[in-house]
Amino acid sequence: MTDQLAPDVAARLKRTSDGLVPAVAQQHDTGEVLMLGWMDDTALARTLSTGRATYWSRSRGEYWVKGDTSGHVQHVVEVRLDCDGDTILVKVDQVGAACHTGEHTCFDADLLPLGGPERG
């Protein structure tokens, strides 16, 4: 495992003021969006070198490898940067639930109604 991100990749990242980049986890074969996590250079380097999704927990202030505690592992299939370098897309093979609530995806609940004057 390496904690060092390749300099050319690091140079492309646009980080928040606390050094983080949002990372969207997506099921590689269905395209389903599973969750949003945060990565810094070390988390991204570990993800790329191990093939296991590694995130920075803002609430706990530590790294976590998805599935080490829950068993709900994210096996990384590919990683992409968006055109601006300010978002990471992590395509994974999700084992079990992706959400800490036990749901398959963090986006199963709270469907917001569309409306407003232009929608009638």
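Residues numbered from 1 in each chain as written. Predicted model: local features only at pLDDT ≥ 70, side-chain atom pairs only at ≥ 80, totals over all residues. Heavy atoms only, no water.

### Section: the overall build of the chain
- What the chain contains, in helices and strands, is two helices and six strands.
- A principal-axis box enclosing the C-alpha atoms of the chain has dimensions of 50 × 35 × 30 Å.
- When contacts within the chain are restricted to residue pairs at least 6 apart in sequence, those whose partners lie at least 24 apart make up 44%.
- A total accessible area of about 7,300 Å² is found for the chain, and carbon and sulfur atoms account for 51% of it.
- One way to put it: in the chain the 11 positive side-chain charges average out to a point 3 Å from where the 18 negative ones average out. (Helix = DSSP H or I, 4+ residues; strand = E, 2+ residues; numbered from the N terminus. Contact = heavy atoms within 4.5 Å. Areas by Shrake-Rupley, 256 points an atom, 1.4 Å probe, with all protein chains shown as cover. Lys, Arg positive; Asp, Glu negative; His and termini not counted. Charge placed at Lys NZ, Arg CZ, Asp CG, Glu CD.)

### Focus: the pattern of salt bridges
- In this structure the tally under the stated criterion is six salt bridges.
- For Arg-15, the salt bridge is made with Asp-41, and the minimal N-O distance between the two is 2.9 Å. Of this pair, Arg-15 sits in the loop between helix 1 (7-12) and strand 1 (21-27) while Asp-41 sits in helix 2 (residues 41-50); the two residues are 26 residues apart in sequence, bridging distant segments of the chain.
- Put simply, Lys-91 and Glu-78 hold a salt bridge, and the shortest N to O gap is 3.8 Å. With Lys-91 in strand 6 (residues 88-94) and Glu-78 in strand 5 (residues 74-81), this pair connects stretches of sequence that are 13 residues apart. (Salt bridge = Lys/Arg side-chain N within 4 Å of Asp/Glu carboxyl O.)

### What about the UniProt feature "binding site: Mg(2+)" (unreviewed entry) in the chain?
- UniProt annotation of "binding site: Mg(2+)" (unreviewed entry) refers to Asp-82, Asp-84 and Asp-86 when read in the numbering used here.
- With respect to the secondary-structure elements, Asp-82 resides in the loop between strand 5 and strand 6.
- With relative accessibility at 25%, the residue Asp-82 sits in the partly exposed group.
- Those residues within four positions of Asp-82 in sequence are excluded, and the remaining contacts are Arg-12 and Thr-87.
- Of note is the side chain of Asp-82, whose polar atom sits 2.8 Å from the backbone nitrogen of Gly-85.
- Looking at the element boundaries, Asp-86 is found in the loop between strand 5 and strand 6. (UniProt positions renumbered as here; feature names shortened; annotations may be inferred. Buried < 20%, exposed > 50% of the residue type's maximum accessible area, 1.4 Å probe, protein only. Polar contact = N/O pair within 3.5 Å; in protein donor to acceptor, adjacent residues only side chain to side chain.)

### Observations regarding the side chain of Arg-46
- Mapped onto the elements, Arg-46 comes out in helix 2.
- Only 2.7 Å separates the side chain of Arg-46 from the side chain of Asp-3, close enough to count as a polar contact.

### Details of the side chain of Gln-74
- In this fold, Gln-74 is placed in strand 5.
- The contact partners of Gln-74, leaving out residues within four places of it in the chain, are Ala-25, Met-35, Gly-51, Arg-52, Ala-53, Tyr-55, Lys-66, Val-92, Asp-93, Gln-94 and Ala-98.

### Some words on the sheet that holds strand 6
- The four strands lie next to each other as 2-1-6-5, forming an open sheet whose pairing is mixed. Each edge of the sheet is formed by a strand with only one pairing partner; in this case those strands are strand 2 (33-39) and strand 5. In this sheet, adjacent strand axes meet at a mean angle of 25 degrees when their direction is disregarded.
- Set on the sheet, helix 2 makes contact with strand 2, strand 5 and strand 6; between it and strand 5 the angle comes to about 120 degrees. (Pairing = 2+ DSSP bridges. Axes fitted to C-alpha atoms, helices over the stretch in contact; angles between N-to-C directions.)

### Things to note about the nonpolar core
- Judged by nonpolar contacts, the single largest core of 18 residues is most densely connected at Met-39, Tyr-55 and Ile-88.
- For this core, the elements supplying multiple residues, two or more each, are strand 1, strand 2, helix 2 and strand 6.
- With residues up to four places along the chain from it excluded, the contact list for Tyr-55 reads Ala-23, Ala-25, Met-35, Gly-37, Trp-38, Met-39, Ala-43, Glu-62, Tyr-63, Trp-64, Lys-66 and Gln-74. (Core = buried A, V, L, I, M, F, W, Y, C linked by side-chain atoms within 4.5 Å.)

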